[in-house]
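Descriptive structure summary
The residues making up each chain are set out below.
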Amino acid sequence: MRSRFRLLSIFLLAIASACHARLAPPSGSNADADLSDALEIADAAIDANIDISTIRVVNDSGGMCPPEMVLAEGDYCPKVVQNCKRWLDQGRFVDYRCAEYVQPSHCISSREKKRFCIDREEYVAPGDSLPLAHQSWTSAGEVCKKDGKRLCLESEWQFACEGPEMHPYPYGDGFHRDAAACNIDQMHLGKPNAGLTDLRAPTSAYPNCVSTFGVHDMSGNIEEWSTLDHGAAPQRSSMKGAWWLPGKNNCRAATLGHGEVFEGPQVGVRCCKDALK
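Since the structure is predicted, the reported quantities are computational estimates derived from the model, not experimental observations.

What counts, and where the lines are drawn
- Residues numbered from 1 in each chain as written.
- Predicted model: local features only at pLDDT ≥ 70, side-chain atom pairs only at ≥ 80, totals over all residues.
- Heavy atoms only, no water.
- Salt bridge = Lys/Arg side-chain N within 4 Å of Asp/Glu carboxyl O.
- Buried < 20%, exposed > 50% of the residue type's maximum accessible area, 1.4 Å probe, protein only.
- Pairing = 2+ DSSP bridges.
- Helix = DSSP H or I, 4+ residues; strand = E, 2+ residues; numbered from the N terminus.
- Phe/Tyr/Trp six-rings, centres within 6.5 Å; stacked < 30°, edge-to-face > 60°.
- Contact = heavy atoms within 4.5 Å.
- Axes fitted to C-alpha atoms, helices over the stretch in contact; angles between N-to-C directions.
- Core = buried A, V, L, I, M, F, W, Y, C linked by side-chain atoms within 4.5 Å.

Tallied over the entire structure, the rule returns 17 salt bridges. With a shortest N-O distance of 3.6 Å, Asp147 and Lys146 are connected by a salt bridge. The exposure class assigned to Asp147 is partly exposed, which follows from its relative accessible area of 39%. Arg150 is the partner of Glu156 in a salt bridge, and the nearest nitrogen-oxygen pair spans 2.8 Å. Residue classification places Arg150 among the partly exposed residues on the basis of a relative accessible area of 25%. Through salt bridges with shared partners, one network takes in Asp89, Arg97, Arg177 and Asp185.

Structural data, given as structure tokens:
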């Protein structure tokens, strides 16, 4: 049985070092304590569920992609500088959520050509109304494979999220956080030993949560598996987009600490596919 300290450490690692999605409270004297409580509740709740160029919206891929996918094409920057101009919160969690990033982002590497198809929506199983959850990197890959697709490379996922202009957030102007745009910043995450509260939303619930390529819900709702560009077994997995918690929820955030067999109630699927020539 893991100690409470270890549980909290694992959860914080998934949020801070990987998702870059460390939780943050609203400003105020009790905000820090409130979010500390939320973190500990989510820690126990998740554990209870675990078994051991400028391109705008592209809705027509010109036949290069299946109808449920969009074409993402352009120059991707592998290494980018994105500085926060104004933090949303104070106190212990001051550097968790960025209210506004400095414009523009700066590319500090050579750009790479990208051309691929990506699912417009998070994967929803036939007959269901909510995005599929409880998926590991392995099972998510199988979901994609049965439809003739594959998991996105991390670089593909990031490019579809941020676009050629390297927007930190996949909505609005890309530089200002907006909790109303996406399913993020939920505070009632669950109860100790009772499991994470299921706050998944239908893919139609947040129409403004859309990237420059026209891809929905790349910030929040459910976390999505991708494959590291240069990963090797058993460390090939990267979780992207975070989920409905109040975390960093930006395009470059990544959870790397769970491994390929982890699955949870907040983890789902989005697929990619090579575009037709």
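Examined bridge by bridge, strand E10 (residues 223–232) and strand E13 (residues 267–268) share two bridges and lie parallel to one another. By the bridge assignment for E13, Glu223 is matched with Val267. As consecutive antiparallel partners, E10 and strand E11 (residues 235–240) are separated by two residues.

Enumeration according to the criterion identifies six aromatic pairs in this entry. Note on Tyr169 and Tyr171: the rings are 5.6 Å apart at their centroids and 15 degrees apart in plane angle, and the pair reads as stacked. Neither Tyr169 nor Tyr171 differs from the other in exposure class; each is buried.

The α-helix advances 3.6 residues per turn, and as a result positions three or four apart in sequence lie on the same side. Of all the nine residues making up helix H4 (residues 154–162), nine are buried; the element is thus mostly covered by neighbouring parts of the structure. Gly163 sits one or two positions beyond H4 and adopts a positive phi of about 75 degrees.

Looking now at the sheet that holds strand E12 (residues 254–255). Sheets are built from strands paired through backbone hydrogen bonds, the pairs being either parallel or antiparallel. Within the open sheet, the four strands sit side by side as E12-E11-E10-E13. Their pairing is mixed. The open sheet terminates on both sides in strands that have one partner only, identified here as E12 and E13. When E11 meets E12, the two strands line up antiparallel, connected through two bridges. Looking at the pairing, Lys240 lines up with Ala254 of E12. Against the sheet, helix H3 (residues 137–146) touches E10, E11 and E13, its axis set at about 100 degrees to E10.

Okay, the pairing of E11 next. Relative to E11, E10 is paired through five bridges, and the arrangement is antiparallel. Looking at E11, one finds that Ala232 is bridged to Gln235.

All right, on to the nonpolar core then. Judged by nonpolar contacts, the single largest core of 15 residues is most densely connected at Phe116, Ile118, Phe159, Ala160, Val215 and Met218. Not counting residues within four places of it along the chain, the set of residues in contact with Met218 comprises Ile118, Trp157, Ala160, Cys161, Pro170, Cys209, Ser211, Gly241 and Arg270. In terms of nonpolar packing, the next biggest core, distinct from the first, is built from 13 residues, Cys144, Phe262, Val267 and Cys271 among them.

Geometry only, nothing functional implied.
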